[in-house]
Amino acid sequence: MSTEKTPPINPLINKRKLEERRRVLRSIILGVAVLGISSVGYIPVARAWNVRMRPPGALEEADFLSSCIKCGQCVQVCPVQAIKLDDIDQGFGIGVPYIDSRSQACDFSCDAVQCILACPTGSLVYDKPGFMPTRSEMKVANPPILLAKEKSPEPTLNLKERTGLAVLARPEKCLARQGKGVKGAARGQAFEGTMRFMEVDRWKPIPLRDHPYDLELCDLCVRTCPIKGAISMETVVENGVSIKTPVVHEPCVGCGVCEMVCPPEPAAIVVEARKGWSA
Amino acid sequence: MANKYWESLRVMLGAAPRKSQPVEYSEEAKTIHFYKKAEKLDFAALRIEAHAHQKKGVWLRRRWITLLATNLLFTVSFWLDIQILEGALTASRMLGFHLIDLNSALQVMLAHKHIIVNLFIGTGTVFVLWLLLGGRTFCSWVCPYHFLAENAERLHVYLVEKKKITDHAFHRGVRTVFWILFALMALITGYTVFETISPTGIVSRALIYGPGLALGWVVLLLLFEVFYSRRAWCRYVCPIGLTYGIVGVFSPLHVTYKLANCHHEGECRKVCEVPHVLDCVIKGRAPSAQLDIGADCTRCGMCIDVCPSGALSFEIKGLRKIM
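Residues numbered from 1 in each chain as written. Chains lettered and ligands numbered in written order. Predicted model: local features only at pLDDT ≥ 70, side-chain atom pairs only at ≥ 80, totals over all residues. Heavy atoms only, no water.

## As for the overall build of chain A
Here comes step 1: Each helix and strand in chain A was counted, giving 7 helices and 10 strands.
Here comes step 2: Along the first, second and third principal axes, the C-alpha atoms of chain A reach 105 × 45 × 35 Å.
Here comes step 3: Taking all 279 residues of chain A together, 51% fall into the buried category.
Here comes step 4: For chain A, the proportion of contacts with a sequence separation of at least 24, taken over those separated by at least 6, is 68%.
Here comes step 5: In the structure as shown, chain A presents an accessible area of about 14,000 Å², 57% of it carried by carbon and sulfur atoms. (Helix = DSSP H or I, 4+ residues; strand = E, 2+ residues; numbered from the N terminus. Buried < 20%, exposed > 50% of the residue type's maximum accessible area, 1.4 Å probe, protein only. Contact = heavy atoms within 4.5 Å. Areas by Shrake-Rupley, 256 points an atom, 1.4 Å probe, with all protein chains shown as cover.)

As structure tokens, this is what we get:
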């Protein structure tokens, strides 16, 4: 064994240098970790795990996510609390508003699309800037007429695009097609969704369970639809039998009231988020 | 004078505080330092005095009341529908006037590349507000995560004292790197990436709209700070702090240091979230008799609370001349 001669070192300086080096290394690891974790937020967005329906007047999805400042002012002004904010499981979509029509639809009981008015960053807008592309099938042909205001001098809703489109996704579930009626609350006593009924109170939405029905043939989707001419009950002949079926028309803005009131579970009629009209 | 602002910014971005050259010391400061050399101080007695002083916590109380009241005002505005302060910390409306958080606004502007009038007005209002109030004042007087983190910090300091854990420091410059990278990510990807993990936004929304899974991330951050690195998020990561810090460089409101009153026992540096701004209190360092503390200071007032000799105090520049 040879006795190795090491140059004399100042243990204090050496220790400080070592700590300095460790600190830099730790900082690099911290940097990579934090950026890595934040980038994970892209996965739910890229994979489109949940195709969310955005509030009325929303920009197209990519622009909507980039412009939303996640403050929830749209949530605060909604009279029926239809708008909710997403959680961290939506990644970059955290804090971004969406509407789950089945649990609470937008029934336009604010009359003026207040959420658009509340948005501070232009994620929700009455008029889209020209350079921000909107799919043509999302545009409504004419300003939607709000049935609740039909007799007022200005009956239209300041809304130029639809949020989605109602689709009879499960015709076999439809009560009208089966010739069945509705008795009592549309969605049962446990359902907490609210809606405005003009004949009850123009300004105060009430729980759906407090507004029972007694109908020979279910036509709730047609009866409760807030937009004029968006849906109608038609007679069709299928397999030689004449039946009644709801038919969605071009004025549909995708508000989701039909999906909320539809009695069967799961709903026969649903709103497909961000789906446009095709004749 | 421009030098002072540059030094303040440089230190905030992560550089080590610069030691003044002998020629930079004012005659007054030289004299004070000269007499202090001769002075013999009983440090043990001073520490006891300092600890007794700390218990008062005047600024701590004022700050916590302000912080909790601001955040609760958001909550009650929504829950009781009194509409005084609507929205969340990222963007809100106070009695109808738009207020938009500077860092959130920056992220949205970079990602979306289109600025509407309301966004501009709200950002401008908040910019002027925090320019007057001291920039990072936002951190310690408003940010709800700061409140959680400073309580976690107490636990951390206790555990270090008991030798259960050791503190791991990072290089302060890493926060500047984060600021640049989050800005670039917003610009390139078109998503406000930082908002996904921002505990300030998460806690603010949770207080107003109810808790969610995102609070799990906040708990992880707090655990990291308790058991691994003291105040890690605020010190080394948060771009919000740096954004407000840059605004605060030119603020008239700051903590000021009077060399003659200082006993140099260093209690202030122990309680400070950003002790590098208090380098001037080390014996022999201060180049002039009175100094402004740098922009990285969150104006939390902990140092003022703990100082037994009144060497540190809040000051609004120009106010003394007027009054």
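## Some words on the sheet that holds strand S4 (residues 253–258) of chain B
Residue and element names in this part refer to chain B.
Here comes step 1: The 3 strands lie next to each other as S5-S4-S6, forming an open sheet whose pairing is antiparallel. Each edge of the sheet is formed by a strand with only one pairing partner; in this case those strands are strand S5 (290–292) and strand S6 (312–316). Going across the sheet, the axis of each strand differs from the next one's by a mean of 35°, ignoring polarity.
Here comes step 2: The pairing of S4 with S5 spans 3 bridges and is antiparallel. Along S5, the bridge assignment pairs Tyr257 with Leu291. (Pairing = 2+ DSSP bridges. Axes fitted to C-alpha atoms, helices over the stretch in contact; angles between N-to-C directions.)

## Overview of the confidence of the model for chain A
Do not read the fine detail of predicted coordinates wherever pLDDT is low.
Here comes step 1: Confidence in the prediction of chain A, expressed as mean pLDDT, is 91, and 96% of residues score 70 or more.
Here comes step 2: Model confidence for chain A, summarised as mean pLDDT per element, is weakest for helix H2 (residues 42–47) of chain A at 87 and strongest for strand S2 (residues 97–99) of chain A at 97. (pLDDT = per-residue confidence, 0-100.)

## Structural notes on the packing of helix H8 (residues 144–161) of chain B against helix H11 (residues 199–209) of chain B
Axes are the key here: two packed helices are described by the angle between their axes and the distance separating the axes.
Residues and elements named next belong to chain B.
Here comes step 1: Remark: H8 packs on H11, axes separated minimally by 7 Å, with the N-to-C direction vectors making an angle of 105°. On the basis of the axis angle, H8 is roughly perpendicular to H11. On H11, the residues that touch Pro144, Tyr145 and Leu148 of H8 are Pro199, Thr200, Val203, Ser204 and Leu207.
Here comes step 2: Per-class residue counts for the contact of H8 with H11 are 6 nonpolar, 2 polar and no charged. (Parallel < 35°, antiparallel > 145°, perpendicular 65-115°, else oblique. Nonpolar A, V, L, I, M, F, W, Y, C, P; charged D, E, K, R; others polar.)

## Describing the layout of surface pockets
Residue and element names in this part refer to chain B.
Here comes step 1: Empty space within the largest pocket amounts to approximately 1,100 Å³.
Here comes step 2: Lys4, Glu7, Pro287, Leu291 and Asp292 are the residues nearest the centre of the largest pocket, which is lined by 40 residues in total.
Here comes step 3: The set of elements that each furnish at least two residues to the lining of the largest pocket consists of helix H1 (2–13), S4, S5 and helix H17 (319–322).
Here comes step 4: Considering every element that reaches the lining of the largest pocket, the biggest residue donor is H1, with 7 residues. (1 Å grid on protein atoms, 1.4 Å probe; cavity = no way out; pocket = protein on both sides within 12 Å on 5 of 7 lines; lining within 4 Å. Points joined across faces, edges and corners; volume = space filled by probe spheres on them.)

## A few points about the interface of chain B and chain A
Here comes step 1: If you look at the interface, chain B gives 47 residues, while chain A gives 44 residues.
Here comes step 2: Regarding the contact of chain B and chain A, the summed buried area is about 3,800 Å², with carbon and sulfur atoms giving 69% of it.
Here comes step 3: Ranking the residues of chain B by area buried against chain A places His112, Tyr191 and Thr196 of chain B at the top, with a combined share of 17%.
Here comes step 4: Our count for the contact surface shared by chain B and chain A stands at 0 salt bridges.
Here comes step 5: Between chain B and chain A we count 18 residue pairs in polar contact (both at pLDDT 80 or more) in total. (Buried area = accessible area lost by both parts, 1.4 Å probe. Salt bridge = Lys/Arg side-chain N within 4 Å of Asp/Glu carboxyl O. Polar contact = N/O pair within 3.5 Å; in protein donor to acceptor, adjacent residues only side chain to side chain.)

## Things to note about the sheet that holds strand S3 (residues 97–100) of chain B
Residues and elements named next belong to chain B.
Here comes step 1: The strand order across the open sheet built from 3 strands is S1-S2-S3, with neighbouring strands paired in antiparallel fashion. Edge positions in the open sheet fall to strand S1 (85–88) and S3, since each of these has one partner strand only. Strand-to-strand twist across the sheet, computed as the mean angle between neighbouring axes with direction ignored, equals 15°.
Here comes step 2: Sheet analysis places S1 next to strand S2 (residues 91–94), joined by 4 bridges and oriented antiparallel. Across the sheet, the residue bridging to Gly87 is Ser92, located in S2.
Here comes step 3: Across the sheet, helix H4 (residues 58–79) is in contact with S1 and S2; its angle to S1 comes to roughly 100°.

## Some thoughts on the packing of aromatic side chains
Residue and element names in this part refer to chain B.
Here comes step 1: All chains considered together, the criterion is met by 19 aromatic pairs over all chains.
Here comes step 2: Relative to Phe314, the ring of Trp59 lies with its centre 4.6 Å away and its plane at 75°, an arrangement referred to as edge-to-face. Of the two residues, Trp59 sits in helix H4 while Phe314 sits in strand S6, which places them 255 residues apart along the sequence.
Here comes step 3: For Trp59, a relative accessible area of 22% gives the class partly exposed.
Here comes step 4: Note on Phe314: relative accessible area 24%, which makes it partly exposed.
Here comes step 5: Ring geometry for Trp130 versus Tyr244: centroids 6.1 Å apart, planes at 85°, classification edge-to-face. A residue pair is termed long-range when its members are at least 10 positions apart, and Trp130 in helix H6 (residues 117–133) and Tyr244 in helix H14 (residues 239–248) qualify at 114 residues.
Here comes step 6: Look at Trp130 and you get buried, because its relative accessible area is 9%.
Here comes step 7: A relative accessible area of 1% places Tyr244 in the buried class.
Here comes step 8: Here the aromatic cluster, defined as three or more aromatic residues joined through ring pairs, consists of Phe170, Phe224, Tyr228 and Tyr236. (Phe/Tyr/Trp six-rings, centres within 6.5 Å; stacked < 30°, edge-to-face > 60°.)

## Quick notes on the environment of Ile202 of chain B
Here comes step 1: One can find Ile202 of chain B in helix H11.
Here comes step 2: Judged by its relative accessible area of 4%, Ile202 of chain B is buried.
Here comes step 3: In this structure, the C-alpha to C-alpha distance between Ile202 of chain B and Ala88 of chain B, residues 114 residues apart in sequence, is 9.7 Å.
Here comes step 4: Beyond its immediate stretch of four places on either side in the chain, Ile202 of chain B contacts Ile88 and Ile94 of chain A together with Thr196, Ile197, Ala214, Leu215, Trp217 and Val218 of chain B.

## A look at the packing of helix H9 (residues 173–189) of chain B against H14 of chain B
Residue and element names in this part refer to chain B.
Here comes step 1: With their axes 9 Å apart at the nearest point, H9 and H14 run at an angle of 95° to one another. Taken together, the axis directions place H9 and H14 in an arrangement best described as roughly perpendicular. On H14, the residues that touch Arg175, Thr176, Trp179 and Phe182 of H9 are Pro239, Leu242 and Thr243.
Here comes step 2: Across the contact of H9 with H14, the residue classes tally to 4 nonpolar, 2 polar and 1 charged.

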